[in-house]
Amino acid sequence: MEFQLLLPIFTFLSLAFVASQAVLSPDAYWKSVLPNAPMPKAVKDILHNEWIEDKSTSVGVGKGGVNVDTGKGKPGSGTNVNVGGKGVGVDTGKPDKRTNVGVGKGGVSVSTGPKGKPVYVGVTPGGSPFIYKYAATETQLHDNPNVALFFLEKDLKRGTKMTLHFTKTTNAETTFLPRPVAVKIPFSSDKMPEILDQLSVEPNSKKAEIMKKTIKECEEPGIKGEEKYCATSLESMIDFTTSKLGKSVQPISTEVDRETQLQKYSVSEVKKMGGEKSVVCHKQNYAYAVFYCHKTSTTKAYVVSLDGVDGTKAKAVAVCHTDTSAWNPKHLAFQALKVKSGTVPICHFLPEDHVVWVQN
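Quick look at the structure, then. (Residues numbered from 1 in each chain as written. Predicted model: local features only at pLDDT ≥ 70, side-chain atom pairs only at ≥ 80, totals over all residues. Heavy atoms only, no water.)

**Some words on the state of the cysteines**
Then, in step 1: Taken as a whole and assessed by the stated rule, the structure comprises three disulfides.
Then, in step 2: One disulfide bridge connects Cys281 with Cys293, the sulfur atoms lying 2.2 Å from each other. The sign of the S-S torsion, about 115°, decides the handedness of the disulfide formed by Cys281 and Cys293: right-handed. Here Cys293 lies in strand β18 (residues 291–296) and Cys281 lies in strand β17 (residues 278–283), a separation of twelve residues in the sequence. Here Cys281 matches Cys293 in class, with each residue buried.
Then, in step 3: A disulfide bridge connects Cys320 with Cys347, and the sulfur atoms are separated by 2.0 Å. Looking down the S-S bond of the Cys320 and Cys347 bridge, the torsion is 105°, so its handedness is right-handed. Of this pair, Cys320 sits in strand β20 (residues 313–321) while Cys347 sits in strand β21 (residues 346–349); the two residues are 27 residues apart in sequence, bridging distant segments of the chain. With respect to class, Cys320 is no different from Cys347; both count as buried.
Then, in step 4: What links to what in the protein chain: the bonded cysteines, counted in sequence order, pair as 1-2, 3-4, 5-6. (Disulfide = S-S within 2.5 Å. Helix = DSSP H or I, 4+ residues; strand = E, 2+ residues; numbered from the N terminus. Buried < 20%, exposed > 50% of the residue type's maximum accessible area, 1.4 Å probe, protein only.)

**Considering the nonpolar core**
Then, in step 1: Within the largest apolar cluster, 29 residues are counted, with the highest numbers of intra-cluster contacts made by Leu164, Phe166, Val304, Leu306 and Phe349.
Then, in step 2: Of all elements in the fold, only β11 (150–152), β12 (161–164), β16 (263–273), β19 (299–308), β20, α9 (332–337) and β21 reach the threshold of two or more residues within this core.
Then, in step 3: Counting residues per element, this core draws most heavily on β20, at four residues.
Then, in step 4: In terms of nonpolar packing, the next biggest core, distinct from the first, is built from 25 residues, Leu34, Ala42, Val279 and Val355 among them. (Core = buried A, V, L, I, M, F, W, Y, C linked by side-chain atoms within 4.5 Å.)

**Quick notes on the pattern of salt bridges**
Side chains bearing opposite charge may pair, as long as their charged atoms lie close to each other.
Then, in step 1: In total, this model carries eleven salt bridges according to the counting rule given.
Then, in step 2: Where Lys154 meets Asp155, a salt bridge forms, and the shortest distance between an N and an O atom there is 3.4 Å.
Then, in step 3: Here Lys154 falls in the exposed class, since its relative accessible area comes to 59%.
Then, in step 4: In this structure Asp155 comes out as partly exposed when scored by relative accessible area, which is 24%.
Then, in step 5: The closest approach of N and O atoms between Arg179 and Asp239, which form a salt bridge, is 2.6 Å. In this pair, Arg179 sits in helix α5 (residues 179–182) while Asp239 sits in helix α8 (residues 234–245), placing the two residues 60 residues apart along the sequence.
Then, in step 6: We classify Asp239 as partly exposed; its relative accessible area is 28%.
Then, in step 7: What you see here is one network of salt bridges that share partners, running through Glu227, Lys244 and Lys295. (Salt bridge = Lys/Arg side-chain N within 4 Å of Asp/Glu carboxyl O.)

**Regarding empty space enclosed by the protein**
Then, in step 1: Per the stated rule, a full pass over the model turns up three cavities of 30 Å³ or more.
Then, in step 2: As a volume, the second largest cavity reaches approximately 40 Å³.
Then, in step 3: Residue lining of the second largest cavity: Ser278, Val280, His294, Lys295, Thr296, Thr299 and His321, and that is the complete set.
Then, in step 4: When residues of the lining of the second largest cavity are traced back to their parent elements, those giving at least two are β17 and β18. (1 Å grid on protein atoms, 1.4 Å probe; cavity = no way out; pocket = protein on both sides within 12 Å on 5 of 7 lines; lining within 4 Å. Points joined across faces, edges and corners; volume = space filled by probe spheres on them.)

It is worth stressing that arrangement in space is one thing and function is another; only the former is reported here.
This is the structure in structure tokens:
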């Protein structure tokens, strides 16, 4: 299903700011809080290009609309966003690299590059297999590639062969918003009419249903022993994680050297990371990058080197849960592995755009 939504989502700046201010870019905030922690690929891939430098962002609101400059005063180095009566224009400051955004009755469409090729962000319905209070649906049991990502901890050893399919969320092109923008956009069930109106999404559409579901999952209480939080910006993800684990942390994500289909892999190396505490952040289906983060004290994290039959090399992050007694007895993992809740440690690999944080 196609979900045509603005990737940088600067459209909302006209609503977000009432005065000029200067803020750190997400990349600069990372460096200020976690100077010794390399940024994992899963995070780099969804930072807007203009935020991946140590820049500040100046936001000015005046009669001409909203202007955002992320540059350092050099021609062509910044991002200028102007909101006026003729629509929204996002200029990345690079020749032939303008992004034109049109907002109309049909919703929001985005075209990028010199040829104006459309960029579509796909979102599909269905519960996340990484939310452990839910029972598996029939669709998940029969059609979901994530079924293959669950396995038993006893199988996490060199020489084990697994049939796997590493995937990203269906809205993989969505990017992080800077926190000053994200906090001004509603993200709650009681604000759905306002959210849908701002995004030009029809209230009774499938798109609206998916967005409502994501927010509902974020608002529901977690299982026993789980501390959860939905991060709508990179900065808020950093703050939640460091509040639970401290600032001496290492974030890691799965990396696969090519796009692949379901195939057999052999485990060549297993390396344990950190202790028993971790924060795992799962990318959600939404209009911009939102992560469902949860912390438990009964998890282990590993980096697993895998060799695919077609020559693919993967360094996959595996998270093992040593206590599953609070999970839904009909969760996908139990049905896929034919085991009961609370009986054996259950592990799963993380898709490429998810992140696990461990203590150093």
